[in-house]
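Report on the structure
Below are the chains, spelled out letter by letter.
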Amino acid sequence: MAEVLQQLVNGISLGSIYALIALGYTMVYGVLKLINFAHGDVYMVGAFAGFFAATAFGWGFLPALCFAMLVAALFGLVIERVAYRPLRNAPRIAALITAIGVSLLLENLGILILRPDPRAFPELIRLETYQVGPLIVNNRQLVIIATSVVLMMLLQFIVTRTRMGKAMRAVAEDTEASRLMGINVDRVIAFTFVLGSALAAAAGVLVGIYYTRIDPLMGFMPGLKAFVAAVLGGIGLIPGAMLGGLAIGVAEVLVVAFISSSWKDAVAFAILIMILLLKPTGILGKTAEEKA
Amino acid sequence: MDRSAKHNTWWRWLRFALLGAGLLLLAAVNLWAYQGRIDFYILGILTVMGINIILATSLNLINGFAGQFAIGHAGFMAIGAYVSALLTTLRSLPFLPALIAGGLAAALVGLGVGIPTLRLRGDYLAIATLGLGEIIRVIIVNLPITGGAFGFSGMPPYTNFFWVEGAVVVTLLVLSNFIRSSPGRALLAVREDEFAAETVGVPTTYYKVLAFAIGSFFAGVAGGLFAHYLLFIDPSQFGILKSIEILMMVVLGGLGSFSGSVVAAVLLTALPEFLRGFADYRMVIYSALLILVMLLRPSGLFGQVEIWQLLGDRTNGPGGLPGKPGGSGRGGLAMPDKAGATGSPREVAGQW
């Protein structure tokens, strides 16, 4: 039992990282109906931005985190502008393929410029472990969970309490109607990319701290899994992404701990296929919504 | 219309000349290959080209003709590769039955996963199939008989240029005839408007699953050829990157154009050989190319049009009817162009 609880703690820290990435997917899908395959690679960019902020500038955790979020937001903005905006009226498959192309481009540019070998992420937070009853918790896990919670609360505030957030929700609801109401849809979409990319970058830095190694291909798998998380919770729904992320993280950690680590990458996809068959709108999704 | 009559005869002669030249070249290559006068390296490239043609055209059946955006093709290729390799190595089965068994195994899995997943649409299907490809890979890693992550070897070197050439011809014949058959028409209807197709009584899921199974079958055959050419297979060869590579050929050639897939498969197999000096930049160039093609021509190089239609075959005019097969003797690839009414202006413009 203690073992299960222990893995649950580990799963929640991994899950909150997935949740942060999943938020970007779900928001972009909400306003653009596009699976932004490049999102996982923006997360990689964020991790490397944090890495350079810590090594080259010698910055601490918080400044490095902010720097990474800023850089990734810029990337998100540019990607949307250059690769997705010209395809706004093209068939959706074209946009999807372009997204795959952007993902491959970022990965391969990463390999070319940053070298493929993994790097050790600087120790921004000195490791301390605490014994809580039968459980072992370290301060990095606490930092991950705390940072995720703060960022998600911030996001919730932006989406529900600000004008821009209101516009985002309107665009997600009905793009054409919002345009008719005088909302600058392009700007809202760009803002959504900025928000999502910044959150992904935060996840990247947190992963760097947690696993202490980063490489240019680190974004691919977590990106896909985070997408699964978004679908699991109900795509387009912000609380859904949080819930889905936690669920995927916990499920993965449990499988690794109690079955075998070689099944690790299959867990998320098995969950995905099951959820798509049983309840395609996700845990929090409305059942009436049929995708056309 | 009057003006085009003379024009048409001219183009018809040109087409015949091109076709003749193509057939002659093919015959010559066959003869040289038979006499062993072609460099081993060149022959190897031609073999890989053929395998890629099979992969690209069979994926195009699913993506371009059925309109189902499935991107886990490498998974089915892996099934065919492993099943046929296990059969020839452990059961010493001859090559042809092993290839077919590999294809059937892939088709069976395609059937099994297609029935539930093809109810999904668009992006969901893409992710689900991507995930499936990955699950197949993980299963292969974990099966005791496949040698796991260390790979599998010891199969006899059956694959040669002629086997691949024969397989390519059979694939093209089957696929192009399928598209011109009644189920093929139903498939195109599903692509154009799934809802409308269903309304007029087309069992859409049935045809989508059928296309998926056929596409998977040929992916399995290609996998078998691949396994007996390379003589060493391991699960990492059939990962997501391979799926994306095949997808890239389909997209570059045009979703819904078999000849486009053939051309793209040939180009994308040959390109890396020319880019050997820039091996580091290869994938960067690839991905940039993919983005550029999508931005400039979202429907691929050839769109939904076959090459000879671009060469001025007006017999298959935008009336939407298939017309006669034209002079497309090689593989009989003619396929109806998309009825003018449904084509976006961009695609119609592409046909001049």
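Residues numbered from 1 in each chain as written. Chains lettered and ligands numbered in written order. Predicted model: local features only at pLDDT ≥ 70, side-chain atom pairs only at ≥ 80, totals over all residues. Heavy atoms only, no water.

Concerning the overall build of chain B
Threshold: Note on conventions: DSSP H or I runs of at least 4 residues are helices, E runs of at least 2 residues are strands, and numbering of each starts at the N terminus. Under the scheme applied here, a residue whose accessible area is under 20% of the maximum for its type counts as buried, over 50% as exposed, and between as partly exposed, the area being computed with a 1.4 Å probe on protein chains only. The accessible surface values rely on the Shrake-Rupley method and a 1.4 Å probe; as for residues, cover is taken only from the protein chains in view.
Tallying secondary structure elements over chain B gives 14 helices and two strands in all. The 352 residues of chain B split such that 55% are buried. Approximately 15000 Å² of chain B is accessible, and the part contributed by carbon and sulfur atoms is 71%.

A word on unusual backbone geometry
Even without glycine at this site, R115 of chain A takes up a positive phi of about 70°. Positive phi, normally seen in glycine, also occurs at L231 of chain B, with a value near 65°. Within the secondary structure, L231 of chain B is located in the loop between α9 (204-230) and β2 (232-233).

Points about the side chain of H39 of chain A
Residue and element names in this part refer to chain A. Cut-off, in case you're wondering: By the convention used here, residues are in contact when the closest approach between their heavy atoms is within 4.5 Å.
Mapped onto the fold, H39 is located in helix α2 (residues 39-55). Residue class for H39 comes out buried when judged on its relative accessible area of 1%. When near neighbours in sequence (up to four residues on either side) are disregarded, H39 contacts I21, G24, Y25, G196, S197 and A200.

Details of the interface of chain B and chain A
Heads up, the condition is: Simply put, the buried area is the total loss of 1.4 Å probe accessible area from both parts when two parts are fitted together. Residue polarity follows a fixed list, in which Ala, Val, Leu, Ile, Met, Phe, Trp, Tyr, Cys and Pro are nonpolar, Asp, Glu, Lys and Arg are charged, and the others, Gly among them, are polar.
Each partner contributes to the interface: chain B provides 37 residues, whereas chain A provides 42 residues. Summed over both sides, the interface between chain B and chain A buries roughly 3500 Å², with carbon and sulfur atoms accounting for 83% of that surface. By the criterion of area lost to chain A, the three top residues of chain B are D123, Y124 and I127 of chain B, representing 20% of everything that side buries. The element contributing the most residues to the side of chain B that touches chain A is helix α5 (residues 122-142) of chain B, with 13 residues. Class assignment of the residues belonging to the side of chain B that touches chain A gives a composition of 28 nonpolar, four polar and five charged.

Comments concerning the environment of P116 of chain B
Residue and element names in this part refer to chain B. Within the secondary structure layout, P116 lies in helix α4 (residues 95-117). By relative accessible area, which is 22% here, P116 ends up partly exposed. Through-space distance from the C-alpha of P116 to that of V209 is 9.3 Å; in sequence the pair is 93 residues apart.

Thoughts on the confidence of the model for chain A
For the record, the criterion: A residue's pLDDT is the confidence the predictor assigns to it, expressed on a 0 to 100 scale.
Per-residue confidence for chain A averages 88 on the pLDDT scale, and 98% of its residues sit at or above 70. Low confidence marks residues 288-292 of chain A, where pLDDT is under 50. Its contacts with residues over four positions away, or in another chain, come to six contacts.

Concerning α4 of chain B
Where we set the bar: Multiply 1.5 Å by the residue count of a helix minus one, and that product is the helix's expected span.
For α4 of chain B, built from 23 residues, the straight-helix expectation of 33 Å at 1.5 Å per residue is met to within 8% by its first-to-last C-alpha distance of 32 Å. Buried within α4 of chain B we find F95, A98, L99, G102, G103, A105, A106, A107, G110, V113, G114 and T117 of chain B.

What about the pattern of salt bridges?
All names here are of chain A. Note the threshold: Just to be clear on terms, a salt bridge is a Lys or Arg side-chain nitrogen sitting within 4 Å of an Asp or Glu carboxyl oxygen.
Throughout the structure, instances matching the rule amount to 10 salt bridges over all chains. In this structure, the salt-bridge partner of E80 is R88, at a minimum N-O distance of 2.3 Å. E80 gets classed as buried once you look at its relative accessible area, which sits at 0%. Accessibility expressed as a relative area gives 25% for R88, which makes it partly exposed.

Looking at a nonpolar patch on the surface
Residues and elements named next belong to chain A. Under the convention used in this document: Nonpolar side chains (Val, Leu, Ile, Met, Phe, Trp, Tyr) are joined into patches within 5 Å and like charges within 9 Å, using only residues with over 30% relative accessible area and no salt bridge.
Residues M1, V4, L5, L8, I12, L246, F258 and I259 make up a contiguous nonpolar surface patch of about 720 Å² in total accessible area. Secondary structure elements with two or more residues in the nonpolar patch: α1 (2-32) and α10 (238-258). With four residues, the single largest contributor to the nonpolar patch is α1. With respect to the helices and strands, the residue F258 is situated in helix α10.

Brief notes about the packing of aromatic side chains
The line we're drawing: When two rings of Phe, Tyr or Trp (its six-membered ring) have centres within 6.5 Å they constitute a pair, described as stacked for plane angles under 30 degrees, edge-to-face for angles over 60, and tilted for the intermediate range.
Per the counting criterion, the structure on display carries 20 aromatic pairs over all chains. With centroids separated by 5.1 Å and ring planes inclined at 80°, the aromatic side chains of F51 of chain A and F52 of chain A adopt a geometry described as edge-to-face. The exposure class assigned to F52 of chain A is partly exposed, which follows from its relative accessible area of 33%. Aromatic side chains F217 of chain B and F218 of chain B sit 5.2 Å apart centroid to centroid with 85° between the ring planes, which places their arrangement in the edge-to-face category. Judged by its relative accessible area of 21%, F217 of chain B falls in the partly exposed class. Following the ring pairs from residue to residue traces out a cluster consisting of F48, F51, F52 and F121 of chain A.

What to know about the confidence of the model for chain B
Residue and element names in this part refer to chain B. Averaged over every residue, the pLDDT of chain B is 80; the share at 70 or more is 85%. For chain B, the element scoring lowest by mean pLDDT is helix α14 (residues 345-349), at 35; helix α3 (residues 73-90) scores highest, at 94. Predicted confidence is poor over residues 314-352, with pLDDT under 50, and the contacts of this stretch with residues over four places away or in other chains come to 78 contacts.

Structural notes on the packing of helix α5 (residues 139-161) of chain A against helix α6 (residues 163-173) of chain A
Residues and elements named next belong to chain A. How we decide: A fitted line through C-alpha atoms represents every axis, and for helices the fit uses only the stretch in contact; the resulting angles, taken between N-to-C directions, go from 0 to 180 degrees. Orientation is classified from the angle alone, with under 35 degrees giving roughly parallel, over 145 giving roughly antiparallel, 65 to 115 giving roughly perpendicular, and any other angle giving oblique.
Viewed as axis vectors pointing N to C, α5 and α6 meet at an angle of 75°, and their least axial separation amounts to 5 Å. Considering their axes alone, α5 and α6 lie roughly perpendicular with respect to each other. In this structure, α5 uses I158, V159, T160 and R161 to contact α6, whose residues at the interface are R163, G165, K166, M168 and R169. Partitioning the contact of α5 with α6 into residue classes produces three nonpolar, two polar and four charged.

Quick look at the packing of helix α6 (residues 161-180) of chain B against α9 of chain B
All names here are of chain B. Following both chains from N to C, one finds α6 and α9 inclined at 175°, their axes separated by 11 Å at the closest point. Considering the angle they form, α6 stands roughly antiparallel to α9. Contacts between α6 and α9 involve W163, V164, A167, T171, V174, L175 and F178 from the former and L210, I214, F218 and L225 from the latter. Its residues assigned to classes, the contact of α6 with α9 comprises 10 nonpolar, one polar and no charged.

Regarding the environment of A19 of chain A
Residue and element names in this part refer to chain A. With respect to the element layout, A19 can be found in helix α1. For A19, a relative accessible area of 0% puts it in the buried group. Ignoring anything within four residues of it in the chain, the contact list for A19 reads M152, A241, M242 and G245.

Digging into the pairing of strand β3 (residues 135-138) of chain A
For a regular strand, side-chain orientation follows a simple rule: the groups alternate between the two sheet faces. Residue and element names in this part refer to chain A. Threshold: In short, DSSP must find at least two bridges between two strands for them to pair.
Pairing of strand β2 (residues 129-132) with β3, which is carried by four bridges, proceeds in the antiparallel orientation. The partner of T129 across the bridge, within β3, is N138. Counted along the chain from β2 to the antiparallel partner β3, the turn is two residues long, and its residue G133 has a positive phi close to 60°.

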